[in-house]
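Coordinate analysis (summary)
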Amino acid sequence: MVDQHEWSVRIHEDFRELEQLKGQWNRWAEDQPFRRYEWQRTWWEVYGSASRSRKRPRLRVLEVRHGGELAGIVPLYCQWHPLWGWVLRWLGSGEVCSDYLGPIAPACYQESVGRVTLIALHAMATGKSHFQDVSVDRSGTQRVGFHRIDWDGMKADDPALHAVRTQAEALKWALDIRPTESAWQIPLPRTWEEYLASLQPRSVRRRYRRLSRAYLDHPDLVLHVVGNQEVIGTPCDDNWQSAWNILVQLHQARRNQLGDQGRFASAPFEIFHRRILAEYLPAGRAALAWLEWQGQPVAAEYLLISGRTLMAYQSGVNPDFLTLSPGHIMSLSLIRKAIHRGFETFDFLRGDEPYKRHFGAKPTPLVRIRAAPPQVNARWRFTLWNWGRRSREFLRGMKVARSAFAGTATAEDLPAAVES
């Protein structure tokens, strides 16, 4: 007879096995575009299963059940690193830079799924578990274990994160949890005037009022938005390919001007987003926007939509029109459109750039957790990484001290943990 209080974990290595969970997966994702089945499946198809190397990434999606009932899905994959060994990461991580990642589970199970996940990973790494209430199906996973977890983009107040941390400490794992760049969100008021009036300090408020009066209703400025008509107010048709090309062109031109190769220099990055947009645009989960001044594209934005939240995911500006402040005008145009369309939040996503605070955004702290199980091989690799991290922080601190003494310190010199 099955114990109705028993937890079980099945480990999936093939996305085809997960098709039957798609409906529940997306219901629990709650319109969060980074967590949805389509986003994670497409990411794996482009970045994971397409690899042909001997130590190619391995899918490790955990299906968590409680008394036989599905309680959560933990979308992970295992990636080889020459120094750190096999590392478990979230699907969607890396250059795609997905935010708000974590277990896919209802609120009532978030903490429990976090605890059970860590117990299951402990069993995978050590080959045994001291917990009688959790059974783990390890079929097919014995040929490749893992040496650490590296989970980026989780909310600092995520209940699953708290449970993982507590359980890791109880099982004597090596643990490192530290803040990363925050995500920044604007709670939108009901009217555009209310929004402008809320901006602080006064100098910022005056500047954005001036830009608003000078440009937002100017006949030479036109905002184009391609997306689901019911959600964003503009029909989605074949025009999205043209909008996409404008975004890529402006993004690459500006990044190249700054000495950066730009996101779209990566072929997998562009392939991934073309596939995602083909699904997300008609469904009202994404939109593409570009701004024209006197017939010339001056700014573009790739938007994701999560319920009543409009997310600014990727942008580009025309380097020939920088004196126009095209990035600021684009943000103001999109925020005004979001208010008019009844959105409740505008989300700039991850990144601590000062302009986000000027637009009235508030930070949502995100963290990165790294942890290693109590195995000799895993521990020495983790110790090596930790030693390298502390050495880099020490050297960077010395650089800041020398710069401060010489009076040449800049914001880029501030200490930060960097992992190669």
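Let me sum up the structure you'll find in this document. None of the values given here were measured: they were computed from a predicted structure.

Okay, helix α1 (residues 22-29) next. Inspection of α1 places Trp 25, Asn 26, Trp 28 and Ala 29 among the buried residues, and these make up the whole buried set. Taken around the axis of α1, the buried residues stretch over an arc of 165 degrees, which confines them to a single face. In this fold, the buried residues of α1 make contact with α2 (37-48) and β3 (69-81). In the segment just after α1, Glu 30 is the residue with positive phi, at about 55 degrees.

The next point concerns the sheet that holds strand β2 (residues 58-66). Sheet architecture is open: 8 strands sit in the order β5-β1-β2-β3-β4-β6-β15-β7, paired in mixed fashion. Of all the strands in the sheet, the pair left with one neighbour each is β5 (134-137) and β7 (174-179). When the angles between neighbouring strand axes are averaged without regard to direction, this sheet yields 20 degrees. Here strand β1 (residues 7-12) pairs with β5 via 4 bridges, running parallel. In the strand pairing of β5, Ser 8 is matched with Ser 135.

With that settled, the discussion passes to the packing of helix α3 (residues 110-126) against helix α4 (residues 159-170). One way to put it is that α3 packs onto α4 with a least axis distance of 7 Å and a crossing angle of 35 degrees. For the element pair α3 and α4, the recorded crossing hand is right-handed. Across from Gln 110, Glu 111, Gly 114, Arg 115, Leu 118 and Ile 119 in α3, the residues of α4 making contact are Pro 159, Ala 160, His 162, Ala 163, Val 164, Gln 167 and Ala 168. Classifying every residue of the contact of α3 with α4 by side-chain character gives 7 nonpolar, 4 polar and 2 charged.

Moving on, we come to the nonpolar core. Leu 121, Phe 146 and Trp 151 are the most contacted members of the largest nonpolar core, which has 83 residues in total. Looking at which element gives the most residues to this core, the answer is α3, with 8 residues. Those residues in contact with Trp 151 that sit more than four places away from it in its chain are Leu 76, Leu 88, Arg 89, Trp 90, Thr 117, Leu 121, Val 164, Val 367, Arg 368 and Ile 369. Membership of the second largest hydrophobic core comes to 39 residues, among which are Leu 196, Tyr 208, Ala 299 and Ile 339.

It is worth spelling out the sheet that holds strand β13 (residues 345-350) at this point. The strand order across the open sheet formed by 7 strands is β9-β10-β11-β12-β13-β8-β14, and the pairing between neighbours is mixed. Unpaired on one side and paired on the other, β9 (221-227) and β14 (362-364) mark the two borders of the sheet. Across the sheet, the axes of successive neighbouring strands diverge by a mean angle of 30 degrees, strand direction being ignored. Across 3 bridges, the pairing between strand β12 (residues 309-317) and β13 is parallel. Each residue of the ladder has a partner; that of Met 311, found in β13, is Asp 347. Packed on one face of the sheet, helix α8 (residues 239-257) meets β9, β10 (286-293), β11 (296-306) and β12 and runs near 110 degrees to β11.

The rules behind these values
Residues numbered from 1 in each chain as written. Predicted model: local features only at pLDDT ≥ 70, side-chain atom pairs only at ≥ 80, totals over all residues. Heavy atoms only, no water. Buried < 20%, exposed > 50% of the residue type's maximum accessible area, 1.4 Å probe, protein only. Helix = DSSP H or I, 4+ residues; strand = E, 2+ residues; numbered from the N terminus. Arc of directions from axis to C-beta. Contact = heavy atoms within 4.5 Å. Pairing = 2+ DSSP bridges. Axes fitted to C-alpha atoms, helices over the stretch in contact; angles between N-to-C directions. Left-handed = near helix turned anticlockwise from the far one by under 90°. Nonpolar A, V, L, I, M, F, W, Y, C, P; charged D, E, K, R; others polar. Core = buried A, V, L, I, M, F, W, Y, C linked by side-chain atoms within 4.5 Å.

All quantities given are derived from atomic positions and should not be read as evidence of function.
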